[in-house]
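# Structural characterization, general
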Amino acid sequence: PVFALRTAAYMIGQKAQPIFEEIKLPLETMRTETDRITRLMDDLLQFAREPVLATQVCDLRGLCQAAATSYRAVHGDTPAVQVEAPESVGAVLDRDRVTQVLINLIDNARKHAKGCTRVVLQAGDDGSHVTLRVTNDGRGISTDNLPHIFEPFYTGGGGTGLGLSIVERLIKAHGGTITVDSSIERGTCFTIRLPLAAPQVRRESAPGASGR
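Residues numbered from 1 in each chain as written. Predicted model: local features only at pLDDT ≥ 70, side-chain atom pairs only at ≥ 80, totals over all residues. Heavy atoms only, no water.

## Considering the pairing of strand β6 (residues 177–183)
In this sheet, strand β7 (residues 187–195) lies alongside β6 in antiparallel orientation, the contact comprising 7 bridges. Considered in β7, the bridge of valine 180 is made with phenylalanine 190. Linking two consecutive strands that pair antiparallel, namely β6 and β7, is a turn of 3 residues. (Pairing = 2+ DSSP bridges. Helix = DSSP H or I, 4+ residues; strand = E, 2+ residues; numbered from the N terminus.)

Next up, the structure:
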C-alpha cells in the first residue's frame, strides 16, 4: 500500500506539471509521510524478527572503516567519522549486523546529539572479549532520558524510537552488552562488549567464511 501511494504521488506530479506549484506542497507531504511510514515499517519488521547470525572471522578495524564508508556514502562528512582501531583486533561475529549497529549509532548522533561534529569509532580486546566504542562530541543525553534510551518506541524527539532497541537486540544476540556514558557537557560514549566468538546457539556460518 505504501509503495502504491508513493507511485501515485509521483505520477500525479508528472502529469500535473502545468499546475504543479498549486499541488507541490501536498505532494511533498505525501512523499515525506510515506517515506516515514516505510522507515517505521522497516524498523518494526526488524524489531519483530529474531536475529539469526551469520558469523565469520572479522577484522574490527576493517569493520569500523566499512561502517564509516557506508555512512559517508549516504550522509556525507557531517559529522566527521574517525576510526581508531589497531589492525590486530579480530573476533567471530556477524559482520553485517555489527556494521549496521555502528552505522545506527553514528546516525543516532547525527539526529539527536545537538552540535555533534565528530564521531570516533574505537576497538580493542582483553583476550576474552572485544570492545567497540562509539563516541560523539555533541550535546549529551539528559539524565531524564538516559535510563530509557534502549526501551522500544522511546524517543527524545523524532524517529521511531526503535533504533537503539534494535542495536541492543543485535548485540545481545551476539552474547554481548551495550552501555552508555553521557553528560550534557562531555558528549556520549556507547560501549559494546562482545565475546571473541558469538554464541553457538545463534550461530550460522556465513557463505565463504573460513571458520578459522
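## Regarding the packing of aromatic side chains
Taken as a whole and judged by the stated rule, the model has 1 aromatic pair. Considering the side-chain rings of phenylalanine 150 and phenylalanine 190, the 6.3 Å spacing of their centres and the 80° angle between planes classify their relative orientation as edge-to-face. In this pair, phenylalanine 150 is assigned in the loop between β5 (129–136) and α5 (163–173) and phenylalanine 190 in strand β7, connecting sequence segments 40 residues apart. (Phe/Tyr/Trp six-rings, centres within 6.5 Å; stacked < 30°, edge-to-face > 60°.)

## Things to note about the pairing of β5
In terms of strand pairing, strand β4 (residues 118–125) meets β5 through 7 bridges, oriented antiparallel. Counted as the bridge partner of alanine 123 is leucine 132 from β5. Linking β4 back to β5 in an antiparallel pair, the connection comprises 3 residues, with glycine 127 at a positive phi of about 100°. Pairing of β5 with β7 involves 8 bridges; the strand directions are antiparallel. Pairing of threonine 131 across the sheet is with arginine 193, part of β7.

## Quick word on the packing of helix α4 (residues 95–112) against α5
Two elements in contact, α4 and α5, have axes separated by 10 Å at closest approach and are oriented at 150°. Considering the angle they form, α4 stands roughly antiparallel to α5. Here α4 and α5 pass one another in a crossing that is left-handed. When α4 is examined against α5, the residues Arg97, Gln100, Val101, Asn104, Leu105 and Asn108 are found in contact with a partner set consisting of Gly163, Leu164, Ile166, Val167, Leu170 and Ile171. Here the contact of α4 with α5 is built from residues that sort into 7 nonpolar, 4 polar and 1 charged. (Axes fitted to C-alpha atoms, helices over the stretch in contact; angles between N-to-C directions. Parallel < 35°, antiparallel > 145°, perpendicular 65-115°, else oblique. Left-handed = near helix turned anticlockwise from the far one by under 90°. Contact = heavy atoms within 4.5 Å. Nonpolar A, V, L, I, M, F, W, Y, C, P; charged D, E, K, R; others polar.)

Read these as spatial facts, not as claims about activity.
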